Amino acid sequence: MLFRNKCKTCDYWTVFELKIKDDKALKICTHCQHQEEIDWNSNAETLISDGEKDVRALQGHFPALARLKNRGDHIRL
Ligand SMILES: [Zn+2]
């Protein structure tokens, strides 16, 4: 599953890949390949869907965010 957020490692807004395995999930920045293992629970799901909502809200001011669609896409605002 892909979702958009800001990567704390490369500091770009980018596309993340989420690989869920049982109660853990691997969050991978498709730009710098930084990986982070997180506990996969309803909190994490909320965090990710809230992040997507932020991106959608920001798109009004920064239309470039709408270009984040595929693995490796990244922009700095
Ligand atoms: Zn990154």
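Here, every reference points to the structure presented above.
An account of the accompanying structure is given in this report. Nothing here was measured: the structure is a model prediction, and the numbers come from that model.

Criteria and cut-off values
Residues numbered from 1 in each chain as written. Predicted model: local features only at pLDDT ≥ 70, side-chain atom pairs only at ≥ 80, totals over all residues. Core = buried A, V, L, I, M, F, W, Y, C linked by C-beta atoms within 7 Å. Buried ≥ 20, exposed ≤ 12 C-beta atoms within 10 Å, placed from the backbone. Helix = DSSP H or I, 4+ residues; strand = E, 2+ residues; numbered from the N terminus. Contact = placed C-beta atoms within 7 Å. Expected span 1.5 Å × (residues − 1).

## So, the nonpolar core
By size, the foremost hydrophobic cluster in this structure holds 6 residues: C7, W13, V15, F16, C29 and L68. The element that contributes the greatest number of residues to this core is strand β2 (residues 13-21), accounting for 3 residues. Apart from the residues within four sequence positions on either side, C29 is in contact with C7, T9, C10, T14, F16 and H34.

## A word on the environment of K8
Checked against the element boundaries, K8 lands in the loop between β1 (2-6) and β2. By C-beta crowding, K8 is classed as exposed, having 9 other C-beta atoms within 10 Å. C-alpha of K8 to C-alpha of H34: the two residues are 26 residues apart in sequence and 9.3 Å apart in space.

## Quick word on helix α1 (residues 42-59)
Between its first and last C-alpha atoms α1 spans 26 Å; for 18 residues at 1.5 Å apiece the expected length is 26 Å, and the two agree. Little of α1 sits inside the fold, with 0 of its 18 residues counted as buried.

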